[in-house]
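# Chain and residue survey
Here are the chains, one letter per residue:
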Amino acid sequence: MTSSTQYNFRLKDSLLGAQFLFVAFGALVLMPILTGLDTSVALFTAGIGTLIFQFVCRKKIVPIFLASSFAFIAPISFGISKWGLSATMGAVFFAGLAYSAFSFVVKYKGYEFIQKILPPIVVGPVIMTIGLVLSPAAVSMATPSGEALKIYQILNPNFSTNDAMIIAGVSLLVTLMCIVFAKGMLKLIPILCGIAAGYIMSMFYGIIDFSVVKNAPWFSVPNFVFPTFHLDAILYMIPVIIAPIIEHIGNVIAISNVTKEDFTKNPGLEKTLLGDGIATSVAALLAGPPCTTYAEVTGAVRLTRAFNPAIMTWSAIVAIMLAFVGKLGALISSVPSCVLGGIMILLFGIIASVGMESLIKNKVDMDNPRNMIIIALVLVPALGGMVLDLGFASFSQIGLGAIIGVVLNLVLPHKKVQD
């Protein structure tokens, strides 16, 4: 291992690259599982996205890995249910372009301009809605009933909602224990540990169909789907980029602190944002999840002090290779949804708490009626499912809440209202 961030591509780093992919694996595949995307495509586009990111930042490559963005879980799930997979991926493609456009704003206007348009009073509640919009789905997966329960009862006629809750609870408990008590590398893979524990419990309950894995070929081409473009879907998806942009900047600052090199200046946020945006658009062209920088991998870099960015190249190569292993994709698809339900309850809650943290850390004055108004009119329309139909296009949920927040922040006076 090297103490420098100089790019040095060596065969001996391939196993370390595979280890970093292992750290990212749980979150990488969980996002497509929850949204109905192909996990093999997600592996492929994570690898391709990381390589694209490295190419864009080639003058000073950042030791960071890109993979499935959790910020898009609710929007993609909603989009697929309303417009279908192809149109939703077309919307994600344009979201990636808008993401890339932000990089040019940062380049020519500076990061201060972004802070003016997207201050904590807007970003905080928007991130909260991203976590909370799908909270009913998390609960329903952990406590299946009706037709959802009958899927399990095909394999085990005696399986009940309470049994599903037990499995979800085990998944959640193991994940929590890893987050709070685990040490070293184990602390970096809590989601993977939770899924493994829930999967083992599901085996004891007899609700896993191993024939799917047995019949799957070893080599299989991922299920690539090309996008179509629907204006309503595009306008709905673009505002979602607020959350991953903030997440991206935070992760770039984090890896800068770990390596003691300021990547916000070299290669610069304009380069890292551009690389992330292009990676997201390319992923959408193949029906892969939007890309984002992974804090888990940054944690692994800190633990191992393996700062050589070429290690992430190996992580990307291994991800691309695994995308063509058919049995791996089948094994991932065999994970019961109740296993994921327990973890989703935690993850969606964490996303919402990150939004709250943004308000608290930036000391947003909750006694100010202006701030109360903005938060209220972001949260309620988004969580209540409000739709604004303009005829040529419509806005709803997270997208509508984000737009309301941005507009109100620009038009409402900053001076406190006097009693």
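Residues numbered from 1 in each chain as written. Predicted model: local features only at pLDDT ≥ 70, side-chain atom pairs only at ≥ 80, totals over all residues. Heavy atoms only, no water.

The name given to the protein chain in an unreviewed UniProt entry is Uracil permease, with the source organism recorded as Campylobacter sputorum subsp. sputorum. According to the UniProt record, the Sequence similarities (unreviewed entry) comment for the protein chain reads "Belongs to the nucleobase:cation symporter-2 (NCS2) (TC 2.A.40) family." (UniProt positions renumbered as here; feature names shortened; annotations may be inferred.)

## Here's the deal with the packing of aromatic side chains
A complete count under the given rule lists 13 aromatic pairs for this structure. An angle of 10° between the planes, with centres 4.8 Å apart, marks the rings of phenylalanine 9 and tryptophan 314 as stacked. Taken together, the positions of phenylalanine 9 in the segment before helix H1 (14-35) and tryptophan 314 in helix H16 (residues 310-322) put the pair 305 residues apart, joining distant regions of the chain. Assessed through its relative accessible area of 43%, phenylalanine 9 is described here as partly exposed. Among the residues examined, tryptophan 314 registers a relative accessible area of 13% and is labelled buried. (Phe/Tyr/Trp six-rings, centres within 6.5 Å; stacked < 30°, edge-to-face > 60°. Helix = DSSP H or I, 4+ residues; strand = E, 2+ residues; numbered from the N terminus. Buried < 20%, exposed > 50% of the residue type's maximum accessible area, 1.4 Å probe, protein only.)

## Digging into the packing of helix H3 (residues 73-83) against helix H4 (residues 85-109)
Relative to each other, H3 and H4 sit at 135°, their axes nearing to 7 Å. Classified by the angle between their axes, H3 and H4 sit oblique to one another. For the element pair H3 and H4, the recorded crossing hand is right-handed. Contacts from Ile76, Gly79, Ile80 and Trp83 of H3 reach H4 at Leu85, Ala87, Thr88, Met89 and Val92. (Axes fitted to C-alpha atoms, helices over the stretch in contact; angles between N-to-C directions. Parallel < 35°, antiparallel > 145°, perpendicular 65-115°, else oblique. Left-handed = near helix turned anticlockwise from the far one by under 90°. Contact = heavy atoms within 4.5 Å.)

## Side note on the pattern of salt bridges
Opposite charge on two side chains permits pairing when their charged atoms draw close. Taken as a whole, this structure holds three salt bridges when the rule is applied. Two residues, glutamate 147 and lysine 150, come together in a salt bridge whose shortest N-O distance is 3.4 Å. Taken together, the residues span about one helical turn, with glutamate 147 and lysine 150 both in helix H8 (residues 147-153) at a distance of three residues. Overall, the relative accessible area of 59% leaves glutamate 147 in the exposed class. (Salt bridge = Lys/Arg side-chain N within 4 Å of Asp/Glu carboxyl O.)

## So, a nonpolar patch on the surface
Together, Leu173, Leu176, Met177, Ile179, Val180, Phe181, Ile350 and Val354 make up an exposed nonpolar region whose accessible area comes to about 700 Å². Where the nonpolar patch is concerned, the elements lending two or more residues are helix H9 (161-181) and helix H18 (337-361). Broken down by element, the residue count for the nonpolar patch peaks at six residues, all from H9. Among the secondary structure elements, leucine 176 is positioned in helix H9. (Patch = residues over 30% accessible without salt bridge, like charges linked within 9 Å, V, L, I, M, F, W, Y side chains within 5 Å. Areas by Shrake-Rupley, 256 points an atom, 1.4 Å probe, with all protein chains shown as cover.)

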